[in-house]
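The primary structure of each chain is shown beneath.
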Amino acid sequence: MASLEMGVATSQETVGALASAWRRLMGLPKSLMAKAVEVARKAVKLGQDDPRRATHSLKVGFALSLVSLIYYFQPLYDNFGGNAVWAIMTVVVVFEFYVGATLSKGLNRGLATLLAGALGVGACHLASLSGKTVEPILLSFFVFLQAAGTTFMRFFPRIKAKYDYGMLIFILTFALVSVSGFREDDILEFAHQRLSTIVIGGSACLIVSIIVCPVWAGEDLHRLIALNMEKLANFLEGFGDEYLRESEEDGDSNQDKSLVRGYKSVLGTKSNEESLAIFASWEPRHGQFRSRHPWKQYLKIGASIRQCAYRIEVLDGYQTTKFHAPQVQTRLKELCVEMSMEAARALKQLSSSLKTMTVPSSATPHLEKSRAAAKALESLLKTTFWEDVTDLLDVVHAATVSSLLIDIIDCTDKIADSVSELASLAGFRTAEKHLKQQEVVLTVTALENESLQVRPAPARVF
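These numbers come from a predicted model, not from an experiment.

Draft legend 1. Representation of the overall build of the protein chain in the model. A count of helical and extended segments in the protein chain gives 17 helices and zero strands. Per-residue burial for the protein chain yields a buried fraction of 39% across its 462 residues. A fraction of 81% describes how many contacts in the protein chain between residues 6 or more apart in sequence connect residues 24 or more apart. Element-wise, carbon and sulfur atoms account for 63% of the exposed surface of the protein chain, whose accessible area totals about 26,600 Å².

Written as C-alpha cells, this is what we have:
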C-alpha cells in the first residue's frame, strides 16, 4: 500500500514538472517579445539622448563597406592579396566616436607600422648575414629586446596618455615582420602590402570621420566645462531659497531637486575631461578653435570646478539636516543670501562668456560683491555675536555653513582666474567686439531679406 502511494506521488510530481515545463515553453515567445520590446525602447532612448551615436554607427558601417571593396574588385585584390584584411581590421580598431580619437589612433597605427616595419626588415637582413644557424637566435633576441624596451616605455605617463596604442602596434608589427622574414622570401613586399593596407584603412576612417557629420572632442569639452559651471550656479541660486527661507515657508517648497542637485554629476567628470582634452589636442583647426588651442587650461578650470563642487556637497549635507536657529538665521541671512546669489551670478556669467568665447569682464562686479559679503561675514563671526544664542549645536552649524560659503567664494575666484587665463591664452574677443559682430550679422541679414523682397520681377519677353 505504501509503495502504491509512493508511485502515485511520483507520477503526480512528474506530471506537475511536465506541466510546468509546458507552461514555460508556451510562455517563452511572450517573454522573448517583452525582452525585445524592452531592448528596442532602450535603443530608441539611447539614440534620442545623443543622435550622434546613430550617425557614428552609420559612419562606421559606411567606412567598413568602402574598405571591403578591396576584396570585391579583383584588380585590387591581386595587388594586396590576403593582406587586404589589415585594411578592414584598421577600420574596426581605429574608427572612434571623436575625430581626435580617430586621428590619434590612425596616426599612431600608421607611424608605428612604418617604423616597426623598417626596423623589422633591417633586423631580418642583419640576422640573415650571420648564417642559418645563428639567424633564429638573433631574431629572437631582437624581438625580446624590442618588446621589453617598448613595454617599459609604455609606463611613462606622457607616452601612455597619447602614444600607448602606437606602442602596442609597434610591438606587434615588429614581431610579425621579423618572425615572418625567417620564412618569407620577399619580406619587403610583405611589409609594403601591410603598410599600404593600413594606410588605406586609416585614410578611409579619417575622411569619413571628418567629412561626414564630424564630432569634435574640443567642442564637447568646451560645452562640458561651461555646463558644469552652470550646475554649481544652480545650486547656489537654490541655496538661499531652500535653506535660508523662513521656517513657515519650508512646507511650500516645490523646487526642482534634480536641478539643484545637478552638481553631483560634476564630481565624476575628471576622467572624461582628461580623455576629451587628449583627443582635442590631436584635432585640426575647426570652428572657433585654432590648431594649438590651450586645451590643458580646460583641465585646470575643471579641477577648480570640482574643488568647488566638493565644498558644495558638504554644504548640501548641512542643508538637508535642517537645523534651525531663528536668531542665527535672522542675523546671517542677508550676508549668506548675498554671497550665494552673487557667486551664482558670477558663475553664470563665466559660463556664458566661455560659451561665446568672450572675455569674462561681466563677472567681475558679482565677484567683488561676493568678496565684500564674505569679508563682512568673517567680521561678524569674530564679534560677540554669539553671546545671546543658547543652543551650541545651532551655533556650530551656522558657523560651519558660513565657513563653507566663504570657501566656495574662494573657489569661485579661482575659477574666474582660470577662465580669464584661458581667455588670454586663446585670444577671446571682448564683449563689445562680440556685440558689434552680432549687430553686423543681423544688419547684413536684414539687408539681404529686404533686397529679396524688393527685387523687381524679371521682364517678360514676347
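Draft legend 2. Fine view of the packing of aromatic side chains. One pass over the structure, following the stated rule, counts eight aromatic pairs. Ring centres 5.3 Å apart and planes at 70 degrees place the aromatic pair Phe235 and Tyr263 in the edge-to-face group. Here the residue Phe235 occupies a position in helix α10 (residues 217-242), and Tyr263 occupies one in the loop between α11 (257-260) and α12 (270-282), the gap between them amounting to 28 residues. You can call Tyr263 buried: its relative accessible area is 0%. Above the plane of the ring of Tyr165 lies Lys105, whose end atom (NZ or CZ) is 5.1 Å from the centre. We note Arg194 situated over the ring of Trp86; from NZ or CZ to the ring centre the distance is 3.9 Å.

Draft legend 3. Seen up close, the side chain of Thr358. Examined against the element boundaries, Thr358 turns out to sit in the loop between α14 (326-356) and α15 (364-381). Overall, Thr358 belongs to the buried group, its relative accessible area being 6%. In this structure the side chain of Thr358 is engaged in a polar contact, spanning 3.0 Å, whose partner is the side chain of Thr356.

Draft legend 4. Region of the structure containing the side chain of Asp220. With respect to the element layout, Asp220 can be found in helix α10. Using a relative accessible area of 10% as the deciding quantity, one classes Asp220 as buried. Side chain to side chain, Asp220 and Arg223 meet in a polar contact 2.5 Å long. With residues near it in sequence (within four places) discarded, Asp220 still touches Arg52, Tyr98 and Leu276.

Draft legend 5. View of unusual backbone geometry. For Cys213, which is not glycine, the phi dihedral falls at a positive 45 degrees. Residue placement: Cys213 occurs in the loop between α9 (187-211) and α10. Residue Cys213 is classed as partly exposed on the basis of its relative accessible area of 47%.

Draft legend 6. Structural detail: the nonpolar core. Membership of the largest hydrophobic core comes to 61 residues, with the highest contact counts inside it found for Leu232 and Ile415. Where this core is concerned, the elements lending two or more residues are α10, α12, α13 (295-321), α14, α15 and α16 (392-426). When near neighbours in sequence (up to four residues on either side) are disregarded, Leu232 contacts Tyr263, Ile305, Cys308, Ala309, Ile312, Leu347 and Ile415. Among the nonpolar cores identified, the runner-up in size contains 20 residues, and Ala63, Ala84, Phe174 and Cys205 belong to it.

Draft legend 7. Spatial organisation of the environment of Ala116. Here Ala116 lies in helix α6 (residues 99-128). Taking the C-alpha atoms as reference, Ala116 lies 9.8 Å from Met167; in sequence the two are 51 residues apart. Once you skip the residues sitting within four places of it in the chain, Ala116 turns out to touch Phe170, Thr173 and Phe174.

Draft legend 8. Representation of the pattern of salt bridges within the structure. Per the stated rule, a full pass over the model turns up 13 salt bridges. Salt bridges sharing common partners tie together Asp50, Arg52, Glu219, Asp220 and Arg223.

Calculation rules
- Residues numbered from 1 in each chain as written.
- Predicted model: local features only at pLDDT ≥ 70, side-chain atom pairs only at ≥ 80, totals over all residues.
- Heavy atoms only, no water.
- Helix = DSSP H or I, 4+ residues; strand = E, 2+ residues; numbered from the N terminus.
- Buried < 20%, exposed > 50% of the residue type's maximum accessible area, 1.4 Å probe, protein only.
- Contact = heavy atoms within 4.5 Å.
- Areas by Shrake-Rupley, 256 points an atom, 1.4 Å probe, with all protein chains shown as cover.
- Phe/Tyr/Trp six-rings, centres within 6.5 Å; stacked < 30°, edge-to-face > 60°.
- Lys NZ or Arg CZ within 6 Å of the ring centre and 35° of its normal.
- Polar contact = N/O pair within 3.5 Å; in protein donor to acceptor, adjacent residues only side chain to side chain.
- Core = buried A, V, L, I, M, F, W, Y, C linked by side-chain atoms within 4.5 Å.
- Salt bridge = Lys/Arg side-chain N within 4 Å of Asp/Glu carboxyl O.

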